[in-house]
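Observations on chain architecture
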Amino acid sequence: MASAVAHKSKRNIVLAALLSLLLVIGIWHHSPAVKSQDSTLQTAVIPSTGDSNWRPWLKASKVRVSAVAFYGRRRYVRILDKYIKQNLISAGGLLEEVLWIVRTDDPDDLNWLEQTLLPSEPKCYKRMQSSGKGFANHYRQLASDTYYIKLDDDIVYIKEGAIEALLHEKLRNRFWIISANVINHSVLTFVHAAMGAMQTYHQEGEDFVANKMKPQGFLDGSPFGNMTYKPYDMCALRNFACVATCHYNFLDNLARDELYKYNFGTWDLNAFKYERWSINTIMFKGSDLNREVISEDDEQSISETLPKTKGKHCGAVGSAVVAHLAYVTQRGARLEERTQVLKRYEELAERLAGPLLPI
């Protein structure tokens, strides 16, 4: 009797073990985290960006990378231009070409584009023709087999290695659209604050005067104290003190070589629900978007509508730090007039990459 019970017990243990194994295999097989979205690379073992095999692997895999940059205001683009040129193949980077999409009617800005910007890099810089009010036509013109980094014209800092980090994450196929770790971002600013990357500054009078600003400490009691993780948070999008504090903290952290404070690894932007987020700097493959229905509000389509429809998640890369100057609501709060932020970013770009193009 005891022998029969022992035998039955052993059999149950074996059956339970087999059931557990089958469950694990089933979960792995159906996990979207390992399901490839690009069949041409689904069996590839991708070297890390610091591996000596990374660049040879990209070449052998025929991975092509270009930039799509929106052109509007020359006072911002002359800063962005320096970082783009640092990332061209001719400078040791990944970018084969840069497509400038014109989004301005200002004659002075248009003249500067044709007479100064495009001639400064004639082999790689190209003006993309556009039509219509929206952005759909721009995405339809992109090559299906090319990876693109899309940049707003007021991106005023790109960390060395950021584009490679974005491409590496995209090639892993864990997320559909990949966002940079954007300083001054509708959603990620909350994350930066929660990680301890920011503190309040003492403000004398109406303006933030650089030589009178002193760090004070924690964010409670400041406008950041009521900040929320939402795409339309008023602090992140509209409050002058919030955006000024965001930029001055970043510039101070960069000067102290403390950008690790912003590095969250990877961040699933759809971990809880499909909600809008800012697409100031994103990495995608041409085939991701060139056949999709994209509304005049391309950000709504790319960050929320299409991922929700497709059941795909988008993610951000913590090491791929870029700085975004301002939303239109923040410029309306006179960020440039009341701070020295733009001047600080001009000086930073010249220190890291040489003289800016004249305007």
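Report follows, based on the coordinates. (Residues numbered from 1 in each chain as written. Predicted model: local features only at pLDDT ≥ 70, side-chain atom pairs only at ≥ 80, totals over all residues. Heavy atoms only, no water.)

**Some remarks on the side chain of Thr104**
Stated precisely, the cut-off is as follows: Only DSSP runs of H or I with at least four residues qualify as helices, and only runs of E with at least two residues qualify as strands; both kinds are numbered from the N terminus onward. For this analysis, residues touch if any pair of their heavy atoms sits within 4.5 Å.
Along the chain, Thr104 falls in the loop between strand E2 (95-102) and helix H4 (107-120). Filtering out sequence-adjacent residues up to four positions away, Thr104 remains in contact with Tyr71, Gly72, Asp109 and Leu110.

**What about the pattern of salt bridges?**
Applied cut-off: Salt bridge, as used here, is a side-chain nitrogen of Lys or Arg placed within 4 Å of a carboxyl oxygen of Asp or Glu. Three exposure classes are used, based on accessible area relative to the maximum for each residue type with a 1.4 Å probe and protein chains only: buried under 20%, partly exposed in between, and exposed over 50%.
Under the counting rule described, the total for this entry stands at 21 salt bridges. The partner of Arg55 in a salt bridge is Glu164, with the nearest N and O atoms 2.9 Å apart. In this pair, Arg55 is assigned in helix H2 (residues 54-60) and Glu164 in helix H6 (residues 162-172), connecting sequence segments 109 residues apart. On the basis of relative accessibility, which here comes to 18%, the residue Glu164 falls in the buried class. With its nearest N and O atoms 3.4 Å apart, the salt bridge here joins Arg172 to Glu169. In this pair, Arg172 and Glu169 both sit in helix H6, three residues apart, roughly one turn of the helix. Salt bridges here are not isolated pairs; linked through shared partners, they connect Glu169, Arg172 and Arg174.

**Quick notes on the state of the cysteines**
Put simply, the rule reads: The rule for a disulfide is simple: a pair of cysteine sulfur atoms within 2.5 Å.
Applying the stated criterion across every chain yields a total of zero disulfides. The thiol of Cys246 is unpaired, and the distance to the nearest cysteine sulfur, on Cys242, comes to 8.7 Å. Owing to a relative accessible area of 3%, Cys246 belongs among the buried residues under this scheme.

**Brief notes about unusual backbone geometry**
Positive phi, normally seen in glycine, also occurs at Asn173, with a value near 65°. Tracing the chain through its elements places Asn173 in the loop between H6 and strand E6 (178-183). Residue Asn184 is not a glycine yet carries a positive backbone phi of 65°. With respect to the secondary-structure elements, Asn184 resides in the loop between E6 and helix H7 (188-194). What makes Asn184 buried here is its relative accessible area of 2%.

**Some points on the nonpolar core**
Operational definition: Here, nonpolar core refers to any group of buried Ala, Val, Leu, Ile, Met, Phe, Trp, Tyr and Cys residues whose side-chain atoms link them within 4.5 Å.
Counting 80 residues, the largest nonpolar core has Ile84, Trp100, Leu167, Phe250 and Tyr345 as its most contacted members. A per-element tally of this core places helix H9 (residues 240-255) first, with eight residues. For Trp100, the contacting residues outside a window of four places in its chain are Ala69, Tyr71, Val77, Leu80, Ile84, Leu117, Leu118, Tyr125, Lys126, Arg127 and Met128. Core analysis: the next-biggest nonpolar cluster, separate from the first, contains 27 residues, Leu99, Ile101, Leu142 and Leu289 among them.

**Quick word on the side chain of Glu164**
Rule in force here: Contacts described as polar in this section are N or O atom pairs within 3.5 Å, which, within protein, must combine one atom able to donate a hydrogen with one able to accept it, while residues neighboring in sequence count only if both atoms come from side chains.
Looking at Glu164, its side chain comes within polar contact range of the side chain of Trp54, at 2.4 Å. Apart from residues no more than four positions distant in its own chain, Glu164 is found in contact with Thr49, Trp54, Arg55 and Leu94.

**Comments concerning the environment of Ala193**
Within the secondary structure, Ala193 sits in helix H7. What makes Ala193 buried here is its relative accessible area of 18%. Between the C-alpha atoms of Ala193 and Leu219, which are 26 residues apart in sequence, the distance is 8.1 Å. Excluding its chain neighbours within four sequence positions, the residues that come into contact with Ala193 are Met198, Leu219 and Phe224.

**Notes on helix H14 (residues 341-353)**
Short version of the rule: Helix span, as expected, comes to 1.5 Å for every residue beyond the first. The arc under discussion is defined with respect to the helix axis, by the directions toward the C-beta atoms.
With 13 residues, H14 extends 18 Å between its outermost C-alpha atoms, agreeing within 8% with the 18 Å of an ideal straight helix rising 1.5 Å per residue. For H14, the full list of buried residues reads Val341, Leu342, Tyr345, Leu348 and Ala349. Relative to the axis of H14, the buried residues are bounded by an arc of 120° and lie together on one face. Against helix H3 (74-86), strand E5 (155-158), H9, strand E11 (315-324) and helix H13 (335-338) lie the buried residues of H14. One or two residues past the end of H14 sits Gly354, with phi positive at roughly 100°.

**A closer look at the packing of H9 against H14**
So the rule is basically this: Throughout, an axis means a line fitted to C-alpha atoms (over the contacting stretch in the case of helices), and angles, computed between N-to-C directions, take values from 0 to 180 degrees. Should an angle lie under 35 degrees it is considered roughly parallel, over 145 roughly antiparallel, and from 65 to 115 roughly perpendicular; all remaining angles are considered oblique. Here is the rule for handedness: rotate from the far helix to the near one, and if that takes an anticlockwise turn smaller than a right angle the crossing is left-handed, while a clockwise turn gives right-handed. Each residue receives one of three labels: charged for Asp, Glu, Lys and Arg, nonpolar for Ala, Val, Leu, Ile, Met, Phe, Trp, Tyr, Cys and Pro, and polar for the others, Gly being one of them.
Where H9 meets H14, the axes come as close as 11 Å, and the angle between the chain directions of the two elements is 25°. On the basis of their axis angle, the class for H9 and H14 is roughly parallel. Crossing of H9 against H14: the hand is left-handed. For the pair formed by H9 and H14, the contact residues are His247, Tyr248, Phe250, Leu251, Asp252 and Leu254 on the first element and Val341, Arg344, Tyr345 and Leu348 on the second. In terms of residue class, the contact of H9 with H14 is built from seven nonpolar, one polar and two charged.

**Quick notes on the packing of H3 against H14**
With their axes 10 Å apart at the nearest point, H3 and H14 run at an angle of 25° to one another. Our classification of the angle between H3 and H14 gives roughly parallel. As H3 packs across H14, the resulting crossing turns out to be left-handed. Contact residues: Arg75, Tyr76, Arg78, Ile79, Lys82, Tyr83 and Gln86 in H3; Leu342, Tyr345, Glu346, Leu348, Ala349, Leu352 and Ala353 in H14.

**A look at the packing of aromatic side chains**
The description of an aromatic ring pair uses the distance of the two centres, along with the angle that the planes make with each other. Selection rule: Between 30 and 60 degrees the pair is tilted, below 30 it is stacked and above 60 it is edge-to-face, where a pair is any two Phe, Tyr or Trp rings, Trp via its six-membered ring, whose centres lie within 6.5 Å. Two thresholds decide whether a charge sits over a ring: the Lys NZ or Arg CZ must be within 6 Å of the ring centre and within 35 degrees of the ring normal.
Enumeration over the complete set of coordinates arrives at 12 aromatic pairs. Ring centres of Tyr83 and Tyr157 lie 5.7 Å apart, and the angle between their planes is 75°; this geometry places the pair in the edge-to-face category. A residue pair is termed long-range when its members are at least 10 positions apart, and Tyr83 in helix H3 and Tyr157 in strand E5 qualify at 74 residues. Residue class for Tyr83 comes out buried when judged on its relative accessible area of 1%. On the basis of an interplanar angle of 65° and a centroid distance of 5.8 Å, the ring pair of Phe190 and Tyr229 is categorised as edge-to-face. You can see Phe190 sitting in helix H7 and its partner Tyr229 sitting in the loop between strand E8 (215-217) and helix H8 (234-237), a full 39 residues away along the chain. Among the aromatic side chains, those forming a connected cluster through ring pairs are Tyr83, Tyr157, Phe250, Tyr262 and Tyr345. Across from the ring centre of Phe240, 3.6 Å away, lies the NZ or CZ of Arg338, which sits over that ring.

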